[in-house]
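Summary of structural features
What follows is the residue order along each chain.
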Amino acid sequence: MPHPYVVLSCAMSVDGYIDDTTPARLLLSNAADFDRVDEVRANTDAILIGATTMRRDNPRLLVDSEERRAQRVSRGLPAYPLKVTITASGDLSRDLKFWHHGGEKVVYCPDTAATKVRETLDDLADVVSTGPTVDLGVMLDDLGERGVRHLMVEGGGTIHTQFLTQGLADEIHLAVAPIFVGDSAAPRFVSAGKFPGGSAHRMKVAEVRSIGDVVLIRYLPKEASGDSTS
């Protein structure tokens, strides 16, 4: 089966941070942008976050709009997209909101963590081992076999970096908030890595628009912009 079309979705500060270092979650998006994200979720087959993001933010990761859920059901889809997470360590708590809201869930992990995750979660999620490491290619193959055609990846930074450096992201949705974080210890949209094409590769911009005080930029990382300077 073909791999799903992968969209990375992230809100960040002007200086590239996705959170600060305080205990409270930093809200980067505004109400209108949160609604946009909800619409994107409603039109996807699966939503993925990493285990670190799950532990830090404890999100439910749902389609909040009742109308959008009803529209999914009218199309013969479950009310909620499949919820997906990745863990290398297997350190997942049964108490996280992720497991107790929405529809089906699946966890991808290395062989060494699979037994631990299954014992912890029991019947809360399907657990798939991907070999000696977390193999994103194996994960995408499995999601394709589950009928997932469109995957939305909501972070965190390590996950985004892995998708981008491995050339597995088809689209990036960046919501840029008009703030600075200015703390090098805070998490960023991506970390250091070898990205396809390096710093010479200029991605194609598919869209730029204002959403209140947030600017949404849609990039197509596999396509070149065609711009050049002499």
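Figured I'd write up the structure that's included with this text. Note that this is a predicted model, so its numbers are computed, not measured.

Bringing the overall build of the chain into the picture now. Along the chain, the regular secondary structure elements total 6 helices and 9 strands. Here the C-alpha atoms of the chain give a radius of gyration of 18 Å, agreeing with the 17 Å that 2.2 N^0.38 yields for 230 residues. Along the first, second and third principal axes, the C-alpha atoms of the chain reach 55 × 40 × 40 Å. Going through the 230 residues of the chain one by one, you find that 46% of them count as buried. For the chain, the exposed area adds up to about 11,500 Å²; of that, 50% sits on carbon and sulfur atoms. Separation of charge centres in the chain, based on 25 positive and 32 negative side chains, amounts to 1 Å.

The subject of this paragraph is the nonpolar core. Residues Val84, Met139, Leu143, Leu151 and Phe163 are the most contacted members of the largest nonpolar core, which totals 30 residues. Elements represented by at least two residues in this core include exactly strand S1 (5-13), strand S2 (46-50), strand S3 (82-86), strand S4 (105-109), helix H5 (136-145), strand S6 (150-153), helix H6 (157-165) and strand S7 (171-177). With residues near it in sequence (within four places) discarded, Val84 still touches Ala46, Ile47, Leu48, Ile49, Phe98, Val106, Tyr108, Met139 and Leu143. Formed by 18 residues, the second largest nonpolar core is a distinct cluster that contains Ile47, Leu92, Val107 and Leu121.

Okay, the side chain of Thr130 next. Relative to the elements of secondary structure, Thr130 occurs in the loop between strand S5 (126-129) and H5. In terms of polar contacts, Thr130 uses its side chain to reach the backbone carbonyl oxygen of Thr133, at 2.6 Å. Each residue touching Thr130, except ones within four places of it in the same chain, is listed here: Tyr108, Cys109, Pro110, Asp111, Asp135 and Val138.

Examined against the element boundaries, Thr161 turns out to sit in helix H6. Classification of Thr161 by relative accessible area gives buried; the value is 7%. At 2.8 Å, the side chain of Thr161 and the backbone nitrogen of Ser191 are in polar contact. Once you skip the residues sitting within four places of it in the chain, Thr161 turns out to touch Val190, Ser191, Ala192 and Phe195.

Turning our eyes to something else, we now look at the pairing of S6. As paired elements, S1 and S6 share 4 bridges and run parallel to each other. Along S6, the bridge assignment pairs Val7 with Met152. In the sheet, S2 pairs with S6 via 3 bridges, with the strands oriented parallel. Residue pairing across strands places Leu48 opposite Val153, the latter belonging to S6.

With that settled, consider the packing of aromatic side chains. As enumerated under the stated definition, the model contains 1 aromatic pair in all. Ring geometry for Phe98 and Trp99: centres 4.9 Å apart, planes at 85°, overall edge-to-face. Just as Phe98 is buried, Trp99 falls in that class too. Cation over ring: Lys83 sits above Phe98, and NZ or CZ is 4.6 Å from the ring centre.

All right, on to helix H1 (residues 31-42) then. One full turn of an α-helix is made of 3.6 residues, so residues set three or four places apart face in the same direction. The terminal C-alpha atoms of H1 lie 17 Å apart, and with 12 residues this matches the ideal 16 Å at 1.5 Å per residue to within 8%. Those residues of H1 lying buried are Asp33, Arg36, Val37, Asp38, Val40, Arg41 and Ala42. If you follow the buried residues of H1, they end up packed against S2, helix H3 (66-74), S6, S7, strand S8 (203-211) and strand S9 (214-224). At the N-terminal boundary of H1, the capping side chain belongs to Asn30, with an oxygen 3.3 Å from the backbone nitrogen of Ala32.

With that out of the way, let us pick up the sheet that holds S5. On the basis of which strands lie adjacent, the open sheet formed by 9 strands has the order S5-S4-S3-S2-S6-S1-S7-S9-S8 and mixed pairing. Each end of this open sheet is capped by a strand with a single partner; those strands are S5 and S8. Across this sheet, the average inter-strand angle for adjacent strands is 20°, counted without regard to direction. Pairing analysis gives 5 bridges linking S2 to S3, with the strands arranged parallel. Following the sheet pairing, Gly50 is matched in S3 by Ile86.

Rules and cut-offs
Residues numbered from 1 in each chain as written. Predicted model: local features only at pLDDT ≥ 70, side-chain atom pairs only at ≥ 80, totals over all residues. Heavy atoms only, no water. Helix = DSSP H or I, 4+ residues; strand = E, 2+ residues; numbered from the N terminus. Rg over C-alpha atoms; globule rule 2.2 N^0.38 Å. Buried < 20%, exposed > 50% of the residue type's maximum accessible area, 1.4 Å probe, protein only. Areas by Shrake-Rupley, 256 points an atom, 1.4 Å probe, with all protein chains shown as cover. Lys, Arg positive; Asp, Glu negative; His and termini not counted. Charge placed at Lys NZ, Arg CZ, Asp CG, Glu CD. Core = buried A, V, L, I, M, F, W, Y, C linked by side-chain atoms within 4.5 Å. Contact = heavy atoms within 4.5 Å. Polar contact = N/O pair within 3.5 Å; in protein donor to acceptor, adjacent residues only side chain to side chain. Pairing = 2+ DSSP bridges. Phe/Tyr/Trp six-rings, centres within 6.5 Å; stacked < 30°, edge-to-face > 60°. Lys NZ or Arg CZ within 6 Å of the ring centre and 35° of its normal. Expected span 1.5 Å × (residues − 1). Axes fitted to C-alpha atoms, helices over the stretch in contact; angles between N-to-C directions.

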